[in-house]
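# Topology and contacts: notes
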Amino acid sequence: MKKKMVSILLMLSMATAMMAGCGSGGEDSSGTNDDNNTQDSGADTTSTDQTDQTDQANQDGGEEDSSENADNSSSSGDKTVLKWAIWDEKTAPYWQAMVDGYCKDHPDVTIEMTDIGSADYMTVLATELSGSGSDFDIVTIKDVPGYATLVSKGVLEPLDDRIEKDGVDLGLYNGATDQVTVDGSLYELPFRSDFWLLFYNKDIFDNAGVDYPTNDMTMEQYDKLARSVAGEGFGADQVYGAHYHTWRSAVQLFGILDGEHSILDGNYDFTKPYYELIKKQEEDGVCRSYIDTNASQLHYSAAFSEGNTAMLNMGSWYVTTLIDSLKSGEYDASLCGNWGIAKYPHPEGVEAGTTLGTITALSIPTVSDQKDAAWDFIKYACSEEGAEVIASTGTFPAIMNDEVVEQIASLEGFPSDDASKEALKTSQIYLEAPYDKNISEINTILDTYHKDIMNGDTSIDEGISKMNEEVSAILKE
């Protein structure tokens, strides 16, 4: 009965969905990009308490493939109609931009976007694809746990043969696709990616007479820098050298940047130095305490926009949020308008530009009878050409080549210094949550004991010991 109700709701949604075919207007997709689009819609899967995150090869002539499938079109005439499952169509302009960019060269294709909604997107999608009535040809994959569920259900088409045939260069994704490969097969291709940066308030550094963060800082250098600009005071007069949001990824995952560890290890002793560093910063007043941040429900954007936070480690989605909020007057430019970004701090011996990231990807359902046409669109959306289209909306694509970096850096309101532009170039991205069939359970365990450690309910050693014990048990199943 529940599955039937979900299918009915989806049918109603499709009936009212905006037809996004070639030449159609993007009237409903003109909203500005912000952190409610991908990262805040669940692309960051390292923490189940991230409820405020709703939301991170060239096309080579697919008209022949599209025409081969035209007989299966749900519309009249020679048009090929592809049905695409998405979320937040009205607030994320990149959806329509991708459709328009593709259809410009494929007038024989119409793409219908069905907005399932962001809140329970992956749950609804899994229910729909598990039934017999789905008619989606392309589905958007929001997060790795959801991807793992769909792969386990056998409802996604493996893309390996198509990738090899068309010569798609997976190296363009900075290692991301390797981390979502399942038993040697890839079932999704990323079109969006968000990665972690260090945002900083230039005025605080100027007032303290301290040099800005650089694009190559070890954790020790980062800690020293945070301490050098922190200042005692009351209320808004207190200056914090750093700020960490309550997500586990903001603290624990410094430990995976060496490439030798991941959250799938089953042993988390490698996270101890980072818990110790940040708990010591809390004790010394260098950063706000986890307890206070959590109790006051202080959003990271509020912490930075108050003008008394020197450095904030946060995802690239915050770039456009910061620009838009300053432009609209929501943020006081006198407090945080003079800002910059630097590459993520890293452990000693790790290459500068190594960082954490998340991806948003596209897949083909096994039930689609237009797989060739669907692949042709996916190949475009996930290509360098598609990346430039996505970047034109102020959104970070999965491929960050020089042209894309130039587009992002040329956004009105982006910092004008060369160092901030250089910060957009990554050398290696490690996914916060790589693929594992048990990734949801692993995340839950790690989140639980992260909170206990940060709240002071358990010691760092005891919390890590519990992580080791419970995750190891799951991995042995």
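Residues numbered from 1 in each chain as written. Predicted model: local features only at pLDDT ≥ 70, side-chain atom pairs only at ≥ 80, totals over all residues. Heavy atoms only, no water.

What follows deals with the overall build of the protein chain. In terms of regular secondary structure, the protein chain is built from 19 helices and eight strands. A total of about 18500 Å² of accessible surface is found on the protein chain, and carbon and sulfur atoms cover 46% of it. (Helix = DSSP H or I, 4+ residues; strand = E, 2+ residues; numbered from the N terminus. Areas by Shrake-Rupley, 256 points an atom, 1.4 Å probe, with all protein chains shown as cover.)

A few words on the pattern of salt bridges. Using the criterion set out here, one finds 18 salt bridges in the structure. In this structure, the salt-bridge partner of Glu306 is Arg288, at a minimum N-O distance of 3.3 Å. Taken as a pair, Glu306 in the loop between helix H11 (300–305) and strand S5 (311–315) and Arg288 in the loop between helix H9 (272–283) and helix H10 (290–295) lie far apart in primary sequence, 18 residues in all. Asp376 is paired through a salt bridge with Lys379; the nearest N and O atoms lie 3.7 Å apart. One end of the pair, Asp376, and the other, Lys379, are both in helix H14 (residues 371–381), three residues apart, so they sit about a helical turn from each other. Accessibility expressed as a relative area gives 4% for Lys379, which makes it buried. A single salt-bridge network, built from bridges that share partners, covers Asp223, Arg227, Lys280, Glu283 and Asp284. (Salt bridge = Lys/Arg side-chain N within 4 Å of Asp/Glu carboxyl O. Buried < 20%, exposed > 50% of the residue type's maximum accessible area, 1.4 Å probe, protein only.)

Averaged over all residues, the pLDDT of the protein chain equals 87, while 83% of them reach at least 70. pLDDT under 50 marks residues 1–21. Its contacts with residues more than four places away, or in other chains, come to 35 contacts. This model gives residues 23–76 a pLDDT under 50, and the stretch forms 189 contacts once residues within four places in sequence are excluded. (pLDDT = per-residue confidence, 0-100. Contact = heavy atoms within 4.5 Å.)

Attention shifts here to the nonpolar core. Counting residues in hydrophobic clusters, the biggest one holds 140 residues, and the most contacted among them are Trp84, Phe199 and Phe377. Take this core: its biggest share by element is eight residues, from strand S4 (residues 189–201). Once you skip the residues sitting within four places of it in the chain, Phe199 turns out to touch Phe304, Ala310, Met311, Leu312, Met314, Gly315, Tyr318, Val319, Leu322, Trp339, Gly340 and Ile341. (Core = buried A, V, L, I, M, F, W, Y, C linked by side-chain atoms within 4.5 Å.)

Here Ala97 lies in helix H3 (residues 94–103). Not counting the four nearest positions on each side in its chain, Ala97 is found in contact with Val389 and Thr393.

Let us look at the pairing of strand S2 (residues 109–115). Among the seven residues in S2, six count as buried, and that is most of the element. As paired strands, strand S1 (residues 80–86) and S2 are joined by seven bridges and run parallel to one another. The partner of Ala85 across the bridge, within S2, is Thr114. In terms of handedness, the path from S1 via H3 over to S2 forms a crossover that is right-handed. (Pairing = 2+ DSSP bridges. Right-handed = clockwise from strand over helix to strand, strands pointing away.)

Bringing the packing of aromatic side chains into the picture now. For the structure on display, the rule yields 29 aromatic pairs. Ring geometry for Tyr300 and Tyr318: centres 5.4 Å apart, planes at 85°, overall edge-to-face. Here Tyr300 is found in helix H11, whereas its partner Tyr318 is found in helix H12 (residues 317–328), with 18 residues between them in sequence. The class for Tyr300 is buried, based on a relative accessible area of 0%. With 6.5 Å between their ring centres and 40° between their planes, Phe377 and Tyr380 make a pair best called tilted. Here Phe377 pairs with Tyr380, and both are found in helix H14, just three residues apart, close to one helical turn. (Phe/Tyr/Trp six-rings, centres within 6.5 Å; stacked < 30°, edge-to-face > 60°.)

A cluster of acidic residues, Asp105, Glu385, Glu388, Asp402 and Glu403, forms a negative patch on the protein surface. When contributions to the negative patch are tallied by element, the ones reaching two or more residues are helix H15 (384–391) and helix H16 (402–409). Its place among the elements puts Glu403 in helix H16. (Patch = residues over 30% accessible without salt bridge, like charges linked within 9 Å, V, L, I, M, F, W, Y side chains within 5 Å. Lys, Arg positive; Asp, Glu negative; His and termini not counted. Charge placed at Lys NZ, Arg CZ, Asp CG, Glu CD.)

Time to look at the packing of helix H18 (residues 439–455) against helix H19 (residues 460–475). The contact between H18 and H19 brings their axes to 9 Å, and the two run at 170°. Judged by the inter-axis angle, H18 sits roughly antiparallel to H19. Facing Glu441, Ile442, Ile445, Leu446, Tyr449, His450 and Ile453 of H18, the residues of H19 in contact are Ile460, Gly463, Ile464, Lys466, Met467, Glu470, Val471, Ile474 and Leu475. Per-class residue counts for the contact of H18 with H19 are eleven nonpolar, two polar and three charged. (Axes fitted to C-alpha atoms, helices over the stretch in contact; angles between N-to-C directions. Parallel < 35°, antiparallel > 145°, perpendicular 65-115°, else oblique. Nonpolar A, V, L, I, M, F, W, Y, C, P; charged D, E, K, R; others polar.)

Turning our eyes to something else, we now look at unusual backbone geometry. At Asp88, a position not held by glycine, the phi torsion is positive, near 50°. When you line up the elements, Asp88 lands in the loop between S1 and H3. Residue classification places Asp88 among the buried residues on the basis of a relative accessible area of 17%. Of note, Asn174 is a non-glycine position whose phi angle comes to about 55°, a positive value. For Asn174, the location among the structural elements is in the loop between helix H6 (160–166) and S4. The class for Asn174 is partly exposed, based on a relative accessible area of 22%.

So, on to the environment of Glu388. Here Glu388 shows up in helix H15. Its relative accessible area of 33% is what places Glu388 among the partly exposed residues. Once the C-alpha coordinates of Glu388 and Val404 are considered, the two residues, 16 residues apart in sequence, prove to be 5.6 Å apart. The contact partners of Glu388, leaving out residues within four places of it in the chain, are Glu403, Val404 and Gln407.

Now for the pairing of S5. Two faces, one strand: in a regular strand the side chains alternate between the faces of the sheet. For S5, a buried count of five out of five residues is recorded, marking the element as mostly surrounded by other parts of the structure. Both faces of S5 are covered, namely the face carrying Met311, Asn313 and Gly315 and the face carrying Leu312 and Met314. As paired strands, S4 and S5 are joined by five bridges and run antiparallel to one another. Paired with Phe199 across the two strands is Leu312, which belongs to S5.

Of all eleven residues in H14, ten are buried, a share of seventy percent or more. Every buried residue of H14 is accounted for by Lys371, Ala373, Ala374, Trp375, Asp376, Phe377, Ile378, Lys379, Tyr380 and Ala381.

Following the sequence through the fold, Gly386 ends up in helix H15. Of the residues examined, Gly386 reaches a relative accessible area of 1% and is grouped as buried. Residue contacts for Gly386: discarding those within four places in its chain leaves Tyr380 and Ala381.

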